[in-house]
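# Residue-level structural notes
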Amino acid sequence: MSDNTNGTGASPEHYAIGISFGNSYSSIAHISGEGKVEVIANEEGDRQIPSILSYVGGEEFHGTQAKSQLVRNSKNTIAYYRDFVGKDYKAIDPTPCHASAHPIESNGQISFSVQEKEDGEQSTLSVAEVSTRHLRRLQNSASDFTGKTVNAAVVAVPSDTSEEQKAALTKAAAAINVEILQFIPEPVAALLAYDSRSFDAASDKTVVVADFGGNRSDVAVIASRGGMYSILATAHDYELGGSQLDQVLVDHFAKEFEKKHKSDPRKNERSLAKMKLESEAVKKTLSQSASATFSVESLADGIDFRSTVNRSRYEILALKTFSRFTRLIEEAIKKADLDVLDIDEVVLSGGTSHTPKIAKNIEAFFPETTQVLAPATSATALNPSELSARGAALQASLIQEFDKEDIDQSTHEMVTVTPHLTAAIGYQVTGQPTSSLSVIIPPDTAVPARRTKVIEGLEGDVLLRISEGEREIKVTQAEAPPKPETNGAKDVEDDDDDSDMDEDDEPEEIREKVWKPKKALAEFVFKGLKKGSKVEVMVDVDGELAVSITARPVGGKGGVRGEVKAPQVTSNGKA
């Protein structure tokens, strides 16, 4: 359906966009004519588009307009349905839909009963049909913005999306002639959005990507090795997100209203819906400002209500909820059998990641060497709400020229689930402590892999040993501060105070990551090196899992090459 065809009856060319189809909000992106990623605004100017449809007087409303109908027309407003796609009715939790059209079972499918037409009978819409209608709206917005017919997409989905869910989404998109070229995990898409603007994207690093959405939170630990991504572990909480923070504010303002007017607005469905919408707006304001005003006309019993809350008060009210976000990250790191010291970057994604307190808590949880990429902690951070769509658009631009069959073959598990090194490969040289190792290839690197390291500052006879290594966390006690000198005897009354000071002045533990040699692979001897000499070492682990090591003096003649057996490998990720 593209405007460009070759006139020979061949299939039309793809014009693909990136789609982030969220449970609460969706976003779309494409690559502009200047080659930059651009998040597309819909007709209302929204770049974060509520994943909501509403039917009023025979008209279909979408996005922000549909969301406003949750107050007056909740039974004909369909929301929070993305996670239902491709599932059985018995497997879902309909709790998020309590303030909107409730899911029902119809012909074995999850469906919604709404009045589509004015003065008409109730219509039963399957969740697949609802998804198709939502995707059509996103397609139309993208086509209107770009001036091209969008007929293909890369869709970002949670890391735990099943094959049945992917098949259902593929079918829903096919109904509007949109071909889904690939599903990309949301954490990978978010990391790709950052790495695409980095000059050092191919560096080896371990990254935590935390996607904090409206109704759920997902965390993934990703090994980025030479530009290849492997998901090492994931953790999910389906009852943690922005809606839980909204509820904290709802409860706070409801108690204030009840204290003044002796009635609880949460007991009335319409009043509760008004409070939820206004509380979400207050939460977003508090992410940008030190205080916010909560104002609802005719909240309950015809009474207008207005109140204010500052950020400090909000952070105290939501203290327990904020701590759950950090614990979810901690859980994912433990599942990956890693330590916080192993994490080089933390990427915060999803709308709830705009909350400064969440980012600050996470920054405090990690050592100073770990970079936390979020608006509250980094001036160069991208908009967390747009990361998944940006990454999907980048991927779409890379693969839209390929045939679907080629894409399927290149992303098949036989290709993407590859062996990974379980141990690091590193080196030791003369003068370096025998208990330490300098890493050349880190663990969790997919093979085949090749790394080159130039060792500087060598002189005389040098022994170079290449070994497997393992990471250890070294814990030492910091030196206790010196006790103040005293002249004369102490007062008995001061004993308790001194004991308290002693407890406070206990030396802190210092934790550091060290690499230790585990198994020697090869040794090379260089004799008579001049002062300041350099030696280049290349370690190559090929597809057959054999390890080839080459070492040569930089600027000199010759070199030494050795073949050794491959270190132990395991299949533990996706390339």
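That block above? That's the structure.
Okay, so let's go over this structure. Since the structure is predicted, the reported quantities are computational estimates derived from the model, not experimental observations. (Residues numbered from 1 in each chain as written. Predicted model: local features only at pLDDT ≥ 70, side-chain atom pairs only at ≥ 80, totals over all residues. Heavy atoms only, no water.)

In this section: the pattern of salt bridges. Using the criterion set out here, one finds 30 salt bridges in the structure. With a closest N to O distance of 3.0 Å, aspartate 540 and arginine 450 form a salt bridge. You can see aspartate 540 sitting in strand 24 (residues 509-541) and its partner arginine 450 sitting in strand 23 (residues 449-477), a full 90 residues away along the chain. Among the ionic pairs, glutamate 472 bridges to lysine 516, the shortest N-O distance being 3.4 Å. (Salt bridge = Lys/Arg side-chain N within 4 Å of Asp/Glu carboxyl O. Helix = DSSP H or I, 4+ residues; strand = E, 2+ residues; numbered from the N terminus.)

You can see lysine 90 is positioned in the loop between strand 7 (77-78) and strand 8 (103-106). Residues lysine 90 and glutamate 105, spaced 15 residues apart in sequence, show a C-alpha to C-alpha distance of 9.0 Å.

Strand order in this open sheet of three strands is 8-9-10, and the pairing throughout is antiparallel. With one partner strand each, in any of the chains shown, strand 8 and strand 10 (123-126) form the two edges of the open sheet. Taking each pair of neighbouring strands and ignoring which way they run, the sheet shows an average axis angle of 50 degrees. Helix-sheet contacts for helix 3 (residues 127-146) involve strand 9 (109-114) and strand 10, and the interaxial angle to strand 10 is about 80 degrees. (Pairing = 2+ DSSP bridges. Axes fitted to C-alpha atoms, helices over the stretch in contact; angles between N-to-C directions. Contact = heavy atoms within 4.5 Å.)

Relative to the assigned elements, aspartate 195 resides in helix 5 (residues 186-195). Engagement of the side chain of aspartate 195 in a polar contact is seen with the side chain of lysine 205, the distance being 2.8 Å. (Polar contact = N/O pair within 3.5 Å; in protein donor to acceptor, adjacent residues only side chain to side chain.)

Attention shifts here to the packing of helix 6 (residues 242-261) against helix 9 (residues 319-335). Describing two packed helices takes the angle between their axes plus the distance from one axis to the other. Helix 9 packs onto helix 6 with a crossing angle of 170 degrees between their chain directions and a minimal axis gap of 10 Å. In terms of orientation, helix 6 lies roughly antiparallel with respect to helix 9. Taken together, the residues of helix 9 that come into contact with helix 6 (itself represented by Gln244, Leu245 and Val248) are Thr321, Phe322, Arg324 and Phe325. Looking at the contact of helix 6 with helix 9 residue by residue, the class counts come to four nonpolar, two polar and one charged. (Parallel < 35°, antiparallel > 145°, perpendicular 65-115°, else oblique. Nonpolar A, V, L, I, M, F, W, Y, C, P; charged D, E, K, R; others polar.)

Take helix 6 next. With 20 residues, helix 6 ought to run about 28 Å at 1.5 Å a step, and its terminal C-alpha atoms sit 28 Å apart, in line with that. Along helix 6, the positions that sit buried rather than exposed are Gly242, Leu245, Asp246, Val248, Leu249, Val250, His252, Phe253, Ala254 and Phe257. In the stretch just after helix 6, lysine 262 is the one whose phi turns positive, near 60 degrees. (Expected span 1.5 Å × (residues − 1). Buried < 20%, exposed > 50% of the residue type's maximum accessible area, 1.4 Å probe, protein only.)

If you look at the biggest cluster of nonpolar residues, it comprises 46 residues, and the most contacted ones within it are Phe212, Ile329 and Ile362. When residues in this core are grouped by element, the largest group, seven residues, is from helix 6. Setting aside its immediate chain neighbours within four residues, phenylalanine 212 contacts Ser217, Val219, Phe325, Ile329, Leu348, Ser349, Gly350, Gly351, Thr352, Ser353, Ile358 and Ile362. Phe21, Ile40, Val127 and Ala153 belong to the second largest nonpolar core, which has 43 residues in total. (Core = buried A, V, L, I, M, F, W, Y, C linked by side-chain atoms within 4.5 Å.)

On to unusual backbone geometry. Between valine 447 and proline 448 the backbone carries a cis peptide bond, its omega angle lying at 5 degrees. The residue proline 448 is located in the loop between strand 22 (438-441) and strand 23 in this model. At asparagine 107, a position not held by glycine, the phi torsion is positive, near 55 degrees. With respect to the helices and strands, the residue asparagine 107 is situated in the loop between strand 8 and strand 9. The exposure class assigned to asparagine 107 is exposed, which follows from its relative accessible area of 79%. Non-glycine residue asparagine 177 carries a positive phi angle of around 60 degrees. When you line up the elements, asparagine 177 lands in the loop between helix 4 (163-174) and strand 12 (179-185). Here asparagine 177 falls in the partly exposed class, since its relative accessible area comes to 48%.

Summed over all chains, the structure comprises seven aromatic pairs. When the centroid spacing of 4.3 Å and the interplanar angle of 20 degrees are considered together, the rings of phenylalanine 253 and phenylalanine 294 count as stacked. Remark: phenylalanine 294 occurs in strand 16 (residues 291-300) and phenylalanine 253 occurs in helix 6; sequence separation between them is 41 residues. Relative accessible area serves as the criterion here: at 0%, phenylalanine 253 is assigned to the buried category. (Phe/Tyr/Trp six-rings, centres within 6.5 Å; stacked < 30°, edge-to-face > 60°.)

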